[in-house]
Amino acid sequence: DDGEDLNDALLDFFVKLGQAVIPCGGLEGGFPSIAYLGSLFYDVLRKGGVSDGRSGHANVANWARRRLGNGGLFFDGIGALAVPVNETLRDRAGRAAPKEKHWWLALLLNPRAGSKPQGEEDVSLVCLDSVARMEVKSNPPVKALKRGSQAYTVEVASLYRQGFAAFVRFRALGDGSQGALPDPRSARLRANGREWTKPQASLAIDQRGSFGVPGRMEGILEFTLDSEAQTVGDYIFEFGDPGTYAPTLVLTIKREPDKFQKEVTNFLAGYVAKEWEVASVGEGTTSRPRDYSVDRLEGRLCMPDVPQQETANDCGFFILAQILLVLQLTPEGLRVLAGASADKLTALPWPTQKEVTRRKAKLRDAMVAMFETADDMLCDDVDMLLKKSPSLRSKVQAAMWDGPQFAEAVRRLAAASAPKQEFSISELGTMSTKALRTLCAQRGVLPPGMVERSDLLKALIPTTIRAATISDVNGQARGSSPPAGTTNGNSSACASSTKRPNESAGVAPEPPAKQTRLSSQNGEEPHLGNLRFSSEDLETMPLKRLRGLCVQHKCMPSCALERGDFMRALQPFASLESNTAGTARSTPATSGAVSSEVETSSTNSVPKANSCEAEPMMDLAERRAKWARSAGMHLAG
């Protein structure tokens, strides 16, 4: 409700719910690219007065593997670790206020990069704080004169930003020769092309004076800004009427982490380094390096300007809104952010106070709908409710996701910051699929969802072909065979609509089994949830469908690279019948039965509102009758 904090349990619930319903890279229901270990993770990491993250690792030793699987934080599908941090605020004198707690988000981008050679991948820790606290002091104070007279002066000793407010410490003097000092409430503050007026004055000395009577004022002026006012930059302070005092008083706030933010970076860097060592020993492999560069992470503390909260208790909702935004990013998109500067991260559309307020209202309505659906279905399993009620799932998704605008902004950022290296058609044809996918992410042309090699080639050809390849294209026009993964002609890089995607990219045709299935379906792909398949069918399926089935059955193997990895993961779900892949299940009841059989207990599944088990195979009427009989016996007893 408005005016109340979002507690840690609700924050965890909503994050896990978002992981289940927000499409990641255009694909819904896949493995989330954001690792989330709980709102209490950082507090437990520091428990017992440990000195650093390596020592504190023992407090949370099994959290990552238990919740993320064997790959842990270093699985290729993990692009970031989101860590809510609960900080005790301090006053300007450095004194702690135990009752003043504040949440902000530490986003560790690309945690695996610290184990790779310098320059291969970027890693960074991004502080997303909706109540930023920064101060600039001037010693000696900056000074301005009234119409060039030394008898009337105004000095500014410091400028302090906290959240959406700015505090200016000033002193004004006058000898009475030009009358009274200006009213301090008429002062103005300008920054980033915007102006704020009518500050509140807290004056230690308030003597304006008059003609023949000296004046003296000293204190703090508090300007009320708004959620979207940037913290970092030049601030211009004007005292009195415009142009009365000169020169212009300018103070500049710079991005400088405070002691607590540096401590958070040190703890998380130590934790990830220790987690890497434990993971390397646990896998028993010598191919992984045992050292993790803590210095690289500590040197990449990034502090972008994000919108500030205008209320005293919305910090938890700001964290939730920020996490919901980054949940839609692919691991490749998150790795792009790891190499971005603070200015580029600032330019992304982070949630404002108005958007957070609207999000709260949507979440409230979605929860009301969830409780009503639970009463109607006599089921308190959230996962089951979302599966059985598509309308509820759509409403919950709409409450948490407004569309791919944030992902599109990251794609544009990737395209603008990527080096403009050009390749020939033959060079693209020799690249690995992983390299093509990375290049697509850098150019901002990565197709949504799970794609095949041919889709990546089609997206890259218009953006990466250099002019020197014209001769290659002409050679192909004269009859030479094009390299693998290319198209004929320069203007035909994007194939016509009459060709199949794989044919336009010059790759081998589909296996006969798949061509038969596609022709029998009249060109329409069935939903993966309705597919039945045998072990023989897995042999002929394209890699794209194997991946989609792994996502559908929640059995995506960690660090999967080859077809065999996906086939082995799908073997337990293969039916004994043959030649049935691509055929839809006949009845909804059968579909529900198979779904219940293949359901696995994923650590990233939607949280359950209660521990009671639902009965997925019992229809609504039977469940209500059973509940009525139970209630009747209870009342009779």
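Anyway, here's the lowdown on the structure attached to this text. This is a predicted model, so every value here is computed, not measured.

**Some remarks on the packing of aromatic side chains**
Then comes step 1: Inspection of the entire model under this criterion finds eleven aromatic pairs.
Then comes step 2: Relative to Phe 167, the ring of Tyr 160 has its centre 6.0 Å away and its plane inclined at 35°; by these criteria the two rings are tilted.
Then comes step 3: Residue Tyr 160 is classed as buried on the basis of its relative accessible area, which comes to 8%.
Then comes step 4: The ring of Trp 63 carries the charged tip of Arg 67 above its face, separated from the ring centre by 4.7 Å.

**What about the sheet that holds strand β14 (residues 249–253)?**
Then comes step 1: In spatial order, the strands read β9-β8-β12-β14; together these four strands make up an open sheet with antiparallel pairing. On the outer flanks of this sheet lie β9 (194–196) and β14, each paired with one strand and no other. Taking the axes of each pair of neighbouring strands and ignoring which way they run, one obtains an average angle of 25° across the sheet.
Then comes step 2: Relative to β14, strand β12 (residues 233–238) is paired through five bridges, and the arrangement is antiparallel. Paired with Asp 234 across the two strands is Thr 252, which belongs to β14.

**Examining the sheet that holds strand β7 (residues 165–174)**
Then comes step 1: Spatial ordering of the open sheet is given by β10-β11-β7-β6-β5-β13, a layout of six strands whose pairing is antiparallel. At either end of the open sheet lies a strand with only one pairing partner, and these are β10 (200–207) and β13 (245–246).
Then comes step 2: Across seven bridges, the pairing between β10 and strand β11 (residues 215–224) is antiparallel. Bridged to Gln 207 within β11 is Arg 216.

**Describing the pattern of salt bridges**
Then comes step 1: Following the criterion strictly, the structure yields 19 salt bridges and no others.
Then comes step 2: Residues Arg 185 and Asp 183 are paired through a salt bridge, measuring 3.4 Å at the closest nitrogen-oxygen approach.
Then comes step 3: The exposure class of Arg 185 is partly exposed, given its relative accessible area of 44%.
Then comes step 4: Note on Asp 183: relative accessible area 28%, which makes it partly exposed.
Then comes step 5: Of the charged contacts in the structure, one is a salt bridge between Arg 255 and Asp 343, with a shortest N-O distance of 3.0 Å. In this pair, Arg 255 is assigned in the loop between β14 and α5 (259–283) and Asp 343 in helix α9 (residues 342–346), connecting sequence segments 88 residues apart.
Then comes step 6: By relative accessible area, which is 28% here, Arg 255 ends up partly exposed.
Then comes step 7: Since its relative accessible area comes to 52%, Asp 343 is described here as exposed.
Then comes step 8: Within this structure, Asp 76, Arg 112 and Glu 121 form a network of salt bridges that share partners.

**Observations regarding unusual backbone geometry**
Then comes step 1: Geometrically, the link from Asn 139 to Pro 140 is a cis peptide bond, its omega value of 5° lying close to zero.
Then comes step 2: Across the junction of Ala 246 and Pro 247, the peptide omega takes the value 0°, indicating a cis bond.
Then comes step 3: The residue Pro 247 is located in the loop between β13 and β14 in this model.
Then comes step 4: Unlike most non-glycine residues, Asn 110 shows phi in positive territory, near 55°.
Then comes step 5: With respect to the helices, strands and loops of the structure, Asn 110 is situated in the loop between β3 (96–109) and β4 (124–128).

How each quantity is defined
- Residues numbered from 1 in each chain as written.
- Predicted model: local features only at pLDDT ≥ 70, side-chain atom pairs only at ≥ 80, totals over all residues.
- Heavy atoms only, no water.
- Phe/Tyr/Trp six-rings, centres within 6.5 Å; stacked < 30°, edge-to-face > 60°.
- Buried < 20%, exposed > 50% of the residue type's maximum accessible area, 1.4 Å probe, protein only.
- Lys NZ or Arg CZ within 6 Å of the ring centre and 35° of its normal.
- Pairing = 2+ DSSP bridges.
- Helix = DSSP H or I, 4+ residues; strand = E, 2+ residues; numbered from the N terminus.
- Axes fitted to C-alpha atoms, helices over the stretch in contact; angles between N-to-C directions.
- Salt bridge = Lys/Arg side-chain N within 4 Å of Asp/Glu carboxyl O.

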